[in-house]
Amino acid sequence: MDRYDMLLSPAGVDALRTALTDADFTANGIAGRLGPQATGGVARNDFRAALRATEERDPLATLIRVFVCDQTEPESAVAAALAPLDLAEAVAAGLVEPYGDGLRAGVDLEPYGDAWWVLADVPASARPGRPLPSEHVLGIGGATQTLIGATVRRPVDTALDLGTGSGVQALHLATRARRVTATDVSERALRFAATTAALNGQDWELLRGDLVAPVAGRRFDLVVSNPPFVVGPGTTTHVYRDSGRVGDAIGAELAAAAPGLLTEGGTMQYLANWVHVAGEDWAERVTGWFAGTGLDAWVIQREVADPMAYVNLWLADVGEAVDPQRAAAWLDWFDAHKIEAVGFGIVSLRRGGHADPVLRVEDLRQRVEAPLGDQVAAWFDRQDFLRARGGDGVLDARYRAAPGLQLRQEATIGDEGWAVDRQVLTMPHGLRWSEEIDPLVLALVGGCDGRLPLRDQLALLAAAHDVTTDELAEAAGPIVAHLVERGIVEPVTD
C-alpha cells in the first residue's frame, strides 16, 4: 500500500481488528445479539429494542451502543470494549470522542459483509443539525450499494477505483483482482481508505489526485467509479458529491477518459447523473458522450428526479439547514439551462476492439434480479454472440426461450367473443423486460425450443403465412437480434 497516514498506527489497527473480532462485532454477530425485531428496528433508525437488548454490558453490547446506536457510554466500558487498542490512541485518532460524561463514536465504524469493517465519517442523519464538513468521507450509502451490485464480478489482474472515499468499492475489487489501485482528490479520504484496507488485511495502491490524473498513461482490466456526480453550477461545497464541473460534465469526462484507461477487453463502470433538457432527447445527448471512443457502451437509467426533489435531496444529504435562498439559486440555475429533470443511472463500457462498437442508452426502471453485475456481463456476452454471427448468421443458430418466460394478453369481448388487443412477453427473472409482440413473433418465440435452427423455423412459419422464407428472414433478423440482446431468447451452444 502506498503509505498514507492511517487514522491509527499499524499496531493500533491490529489491536482494533483484534477487539472487533473477539467481540464478534460483525453483521452476523450483531444480528445474533439483537434478534430479528431489534435488527429490523436498527435498519429503520429505531434503536429502542437494540438498546434494551444491550443493557447488560459486555464488549459487543458496548460496541453496538456506541457505533450502531450512537450512544454515549462510560469511558471504562468503551476502554474495555476496544481493548487491546489503547483508549488514548482511539481518542487521539478520533475513533471515539468525549461527549457529556462519557465517550461516543467519532467515526462511522460499520461492520460490512461477512467479516469486513468500513471506516468513514459519521453521516448527517446520525447527528441532526450538524452540517457535514466539506471533506466529509462518505460511508456505505445507496449509491455505493448500487455500484457494488452492478459491477462485473469476473476475475481480473488489475482494478482501479476512481474516487475511493472510504474504500468500499476497493474492498470488493480486491476479491476479484490481483492488484487494486484506488485514487481520491481528498487526502482525508485516503487516510480513511488506508485504514479500511489495513483493518481488513488488504493492500492497495493509494494515489491522490483529481479523477484520472494520478493514473495517467496506465491501463486496467476493471475500472469503477462512484464519482461526485451531483448536477449544478460547478460550485464545490462537499468533495464527495461536488466535482467542480458544470452540469453533468463529469459523466462525459469519464467517458472520454475511458479508452485510455482500459486494457483490451477491459471494463469500466461508473455512476452518473445526466440532465433532461427541454426539447432534447436525453438518450441522444448521453449517447454523444461515447461517440468516437471505440467502446461498447450500455447506459441504463434507473431513476429520474424533478429539479425541486433533486435540490431538496442533496441539501438534506449534507445536513444543511433549510435555506430558501440557496435552494432558489440552485433551482434558478436549472431554469436558466432549461433542465426539466435529472436522471441517475449506471454506465458500463467495454474495450472490445471492434470497429463497430455497440452504443445503447435506455430506461431500465423495473426491479431487476440481483446482482445486476451478472446481468451486465451477460449483456456484453450477448453482444459478442450477435457480432460474431453477423446479420444473416443469427438465423443459423438455435435458440430457446428464456426460462419462465411469460405471455400476458389483453382482450376485449365482442359479438364474436374475445378479441386479443395486446400480447406482451414478460421475463420474470434477470432484467425482467416486457416486450409487446405481434402473433408472428409470438409463434417464432414459441418455437424456440433449442432443436431447430431459426432459419428452419422461419421456413415453417413462411409456409403457414403464405410469404417467402427470404421475406420473413429479412424482417425477422433485427427482431431476433433485439430479443437476444434483451435475453428473451437465448442461443443454444451445446
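Scroll up to find the structure this text is about.
Each chain carries its own residue numbering, running from 1 in the direction its sequence is written. Local features in this predicted model are restricted to residues whose pLDDT is 70 or higher, and side-chain atom pairs enter the listing and the counts only when it is 80 or higher, whereas totals over whole chains, interfaces and linings include all residues. Hydrogens and waters are ignored; side-chain quantities use all the structure's heavy atoms.

1. What about the overall build of the chain?
Cut-off, in case you're wondering: Only DSSP runs of H or I reaching four residues or more are called helices, and only runs of E reaching two or more are called strands; each is numbered from the N terminus. Each residue is placed in one exposure class: buried if its accessible area under a 1.4 Å probe, protein chains only, is under 20% of its type's maximum, exposed if it is over 50%, and partly exposed if it falls in between. Contacts are residue-level and defined by heavy atoms, with any inter-residue pair within 4.5 Å sufficient. In this tally Asp and Glu are treated as negative and Lys and Arg as positive; neither His nor the chain ends contributes. The location of each charge is read from NZ of Lys, CZ of Arg, CG of Asp or CD of Glu.
Per the secondary structure count, the chain includes 17 helices and 18 strands. With the C-alpha coordinates aligned to their principal axes, the bounding extent of the chain is approximately 90 × 50 × 45 Å. Residue burial in the chain is summarised as follows: out of 494 residues, 50% are buried. Partitioning the contacts of the chain with sequence separation of at least 6, the portion at a separation of at least 24 is 68%. Averaged over its 43 positive side-chain charges, the chain has a centre that lies 3 Å from the centre of its 70 negative ones.

2. A few points about the layout of surface pockets
What counts, and what does not: Only protein atoms enter the 1 Å grid used here. Points where a 1.4 Å probe fits but cannot escape make up a cavity, open sets with protein on both sides within 12 Å along at least five of seven lines make up a pocket, and a residue lines them when an atom lies within 4 Å of a point. Grid points are joined across faces, edges and corners, and a volume is the space filled by probe spheres set on the points. Each residue gets one of three labels, nonpolar for Ala, Val, Leu, Ile, Met, Phe, Trp, Tyr, Cys and Pro, charged for Asp, Glu, Lys and Arg, and polar for the others, Gly among them.
Quantified by volume, the second largest pocket comes out at close to 260 Å³. Taken together, 17 residues form the lining of the second largest pocket, with Arg382, Ala402, Met427, Gly487 and Glu490 sitting closest to its centre. Within the residue set of the lining of the second largest pocket, elements represented by two or more residues are α14 (372–393) and β18 (489–491). Broken down by element, the lining of the second largest pocket gets its largest block of residues, four residues, from α14. For the lining of the second largest pocket, the residue count by class is nine nonpolar, four polar and four charged.

3. Regarding the side chain of aspartate 184
Our working rule: A side-chain nitrogen of Lys or Arg and a carboxyl oxygen of Asp or Glu constitute a salt bridge if their distance falls within 4 Å. Polar contact is the term for a pair of N or O atoms within 3.5 Å; when the atoms are in protein, one must be able to donate a hydrogen and the other to accept it, and sequence-neighboring residues count only if both atoms are side-chain atoms.
Looking at where aspartate 184 falls in the secondary structure, it is placed in strand β6 (residues 177–184). In this structure aspartate 184 is buried but unpaired, with arginine 208 as the nearest side chain of opposite charge at 7.4 Å. At a separation of 3.3 Å, a polar atom in the side chain of aspartate 184 contacts the main-chain amide nitrogen of threonine 164. Setting aside residues up to four positions removed in sequence, aspartate 184 forms contacts with Gly163, Thr164, Gly165, Ala189, Leu190, Leu207, Arg208 and Gly209.

4. Some remarks on helix α4 (residues 59–68)
Burial within α4 is extensive, with nine of its 10 residues counted as buried. Every buried residue of α4 is listed here: Leu60, Ala61, Thr62, Leu63, Ile64, Arg65, Val66, Phe67 and Val68. Note on α4: the residue one or two positions beyond its end, aspartate 70, has a positive phi of about 55°.

5. Examining the packing of aromatic side chains
Under the convention used in this document: Stacked, edge-to-face and tilted labels apply to pairs of Phe, Tyr and Trp rings (six-membered ring for Trp) whose centres lie within 6.5 Å, assigned for plane angles under 30 degrees, over 60, and everything in between, in that order.
Under the counting rule described, the total for this entry stands at 14 aromatic pairs. With a centroid separation of 5.5 Å and an interplanar angle of 70°, the aromatic rings of tryptophan 333 and phenylalanine 334 are classed as edge-to-face. According to the relative accessible area criterion, tryptophan 333 is buried, its value standing at 12%. What links up through ring pairs into an aromatic cluster is the set Phe229, Tyr310, Trp314, Trp330, Trp333, Phe334 and Phe344.

6. Observations concerning the pattern of salt bridges
Scanning the model with the defined rule gives 33 salt bridges in all. The partner of arginine 208 in a salt bridge is glutamate 187, and the shortest N-O contact between them spans 3.2 Å. Of the two residues, arginine 208 sits in strand β7 (residues 205–208) while glutamate 187 sits in helix α9 (residues 187–199), which places them 21 residues apart along the sequence. Judged by its relative accessible area of 45%, arginine 208 is partly exposed. A relative accessible area of 41% places glutamate 187 in the partly exposed class. Arginine 351 serves as the salt-bridge partner of glutamate 264, at 3.5 Å between the closest nitrogen and oxygen. Placement of the pair is glutamate 264 in strand β9 (residues 262–277) and arginine 351 in the loop between β11 (339–350) and β12 (359–363), with a sequence separation of 87 residues. Arginine 351 sits in the partly exposed class, given a relative accessible area of 22%. Shared partners join several salt bridges into a network, and the residues in it are Asp296, Arg350, Asp356, Asp384 and Arg387.

7. Quick look at the sheet that holds strand β16 (residues 434–437)
What counts is decided by this rule: Should DSSP find at least two bridges between two strands, the strands are taken to pair. In this analysis, axes come from line fits to C-alpha atoms, helices being fitted only over the stretch in contact, and the angle between any two N-to-C directions falls in the range 0 to 180 degrees.
Taken in spatial order, the three strands of this open sheet run β14-β15-β16, and their pairing is antiparallel. Two strands lie at the open edges of the sheet, namely β14 (406–414) and β16, each paired on one side alone. Taken over all neighbouring pairs, the strand axes of this sheet differ in orientation by 30° on average, direction set aside. The pairing of β14 with strand β15 (residues 417–426) spans nine bridges and is classified as antiparallel. By the bridge assignment, glycine 414 is partnered in β15 with glycine 417. With respect to the sheet, helix α15 (residues 439–446) is in contact with β14, β15 and β16, its orientation differing from that of β15 by roughly 55°.

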